[in-house]
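Results of the structural survey
Here is what each chain is made of, one letter per residue.
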Amino acid sequence: MADQRQEHGGDRERRIAVVLGKKGAGKTTLVRRWVDSYPGSVRALDPAGEFSFGEWPVGEGGKTRRQAISDWLKELTGDGRGNWEGLLILDDSDRYASVVPSEAWTDVYCANRHVGLDVIVTAHRPQGVAKELLANADIVYIFQQDEPLARKYLEKFTQIEGLADLIPTEKGRALVVVHGHPPSELIVF
Ligand SMILES: Nc1ncnc2c1ncn2[C@@H]1O[C@H](COP(=O)(O)OP(=O)(O)OP(=O)(O)O)[C@@H](O)[C@H]1O
Ligand SMILES: [Mg+2]
């Protein structure tokens, strides 16, 4: 598997990054910086219209929004077998993660692991990220999060005791959790 990632993505390892935090915490601002320095093509599922290149598929001809988003993802990932290489941004994922069939999220995961797709997901709550992506995230940025349920969810999910108390309560700060490591640092950007 690791070899396939290298084969398709050059010597750069493809990543899944999840960016969480309350409204206005600074998620999209951080993502914009990554977009500016990304060396390849970028596409975005963008319900709030935050990116000039963002897309928000509409259901046409009797198609539901759920179907339209699912079709958009499946076309982009080639049903998980690959159709496009680059960075996929799933902004404000709370708005559609649970309505899109989990099969489409599995395809995104497969395209990340095998076909050269980088993925960034932003959401207000961890519950708003498809579990196929959150469970496989290489790095999670946790911005300001006031909801006790979300804080507890993150502590349970990371299995890091006391993590809930480390989550920032100020705008613009993030706790960074790297897969397989304890919380690395509190960063300010
Ligand atoms: N580190 C920071 N310090 C101060 N202000 C910031 C910082 N990061 C972002 N901002 C400002 O806060 C506002 C909201 O930022 P941003 O759109 O990135 O938030 P968001 O988390 O994506 O919000 P939403 O959940 O509504 O999408 C913007 O005006 C942005 O310029
Ligand atoms: Mg945003």
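Sequence order as written defines the numbering, with residues in each chain counted from 1. To read the labels, note that chains go from A and ligands from 1, taken in the order they are written. Where local features are concerned, this predicted model is filtered to residues with pLDDT of at least 70; where side-chain atom pairs are given and counted, the filter is 80 or more; whole-chain, interface and lining totals use all residues.

Another aspect to go through is the packing of helix H3 (residues 65-77) against helix H4 (residues 102-114). Across the interface, H3 lies against H4 with an axial gap of 9 Å and an inter-helix angle of 20 degrees. Compared by their axis directions, H3 and H4 come out roughly parallel. The interaxial crossing formed by H3 with H4 has left-handed handedness. Across from Ser70, Leu73, Lys74 and Thr77 in H3, the residues of H4 making contact are Ala104, Asp107, Val108 and Ala111. Only the stretch in contact is used when a helix axis is fitted, and all axes are lines through C-alpha atoms; the angle between N-to-C directions ranges over 0 to 180 degrees. Here a helix means four or more residues in a row that DSSP labels H or I, a strand means two or more in a row labelled E, and each is numbered from the N terminus. To sort the angles, those under 35 degrees are grouped as roughly parallel, those over 145 as roughly antiparallel, those from 65 to 115 as roughly perpendicular, and the leftovers as oblique. We call a crossing left-handed when the near helix sits turned anticlockwise from the far one by less than a right angle, and right-handed when that turn is clockwise. In this description, any two residues whose backbone-derived C-beta atoms lie within 7 Å of each other are considered to be in contact.

Averaged over all residues, the pLDDT of the chain equals 88, while 88% of them reach at least 70. The quantity called pLDDT is the predictor's confidence in a given residue, expressed from 0 to 100. Summarising per-element confidence for the chain, the mean pLDDT is lowest in helix H1 (residues 2-9) (44) and highest in strand E2 (residues 42-45) (98). Predicted confidence is poor over residues 1-9, with pLDDT under 50, and the contacts of this stretch with residues over four places away or in other chains come to 12 contacts. In this model, residues 185-189 is a region of pLDDT below 50 whose contacts with residues beyond four sequence positions or in other chains number nine contacts.

Before going further, it helps to spend a moment on the nonpolar core. For this analysis, nonpolar core means a set of buried Ala, Val, Leu, Ile, Met, Phe, Trp, Tyr and Cys residues linked through C-beta atoms within 7 Å. Three exposure classes are used. Buried residues have 20 or more other C-beta atoms within 10 Å of their own C-beta, exposed residues have 12 or fewer, and partly exposed residues fall in between, all C-beta atoms being placed from the backbone. Val18, Val119, Ile120, Leu133 and Ile142 are the most contacted members of the largest nonpolar core, which totals 46 residues. Leaving out residues up to four positions away in the same chain, Ile120 has contacts with Ala17, Val19, Val31, Trp34, Leu87, Ile89 and Leu90.

Here the focus is helix H2 (residues 27-37). Of all the residues in H2, the buried ones are Lys27, Leu30 and Val31. The buried side chains of H2 occupy one side of the element, clustering within an arc of 100 degrees when seen end-on. Opposite the packed face of H2, turned more than 90 degrees from it, sit the exposed residues Arg32, Arg33 and Asp36. Throughout, the arc means the angular range of directions from the helix axis out to the C-beta atoms.

Right, let's get into the environment of Arg43. Along the chain, Arg43 falls in strand E2. For the pair Arg43 and Leu88, spaced 45 residues apart in sequence, the C-alpha separation works out to 5.1 Å.

Our focus in this paragraph is H4. Here the expected span of a helix is defined as 1.5 Å times the quantity of residues minus one. Given a rise of 1.5 Å per residue, 13 residues ought to cover 18 Å, and the 18 Å separating the end C-alpha atoms of H4 matches this to within 8%. Every buried residue of H4 is listed here: Ala104, Trp105, Asp107, Val108, Ala111 and Asn112. Taken down its axis, H4 places every buried residue within 150 degrees of arc, on the same side. Tucked inside the fold, the buried residues of H4 contact strand E1 (16-20), H3, strand E4 (117-123) and helix H5 (131-134). The positive-phi residue at the C-terminal boundary of H4 is Gly116, with phi of around 85 degrees.

Tracing the sequence through the fold places Thr77 in helix H3. Looking at Thr77, the number of C-beta atoms within 10 Å reads 24, which means it is buried.

Judged by how many residues are buried, strand E5 (residues 139-143) sits mostly within the fold: four of five residues are covered. In this scheme, strands are said to pair when DSSP sees at least two bridges between them. Note that E1 and E5 share four bridges and pair parallel. Paired with Val19 across the bridge in E5 is Tyr141. As defined by bridge partners, E5 adjoins strand E6 (residues 173-178) across five bridges and the pair is classed as antiparallel. What sits directly across from Val140, in E6, is Val177.

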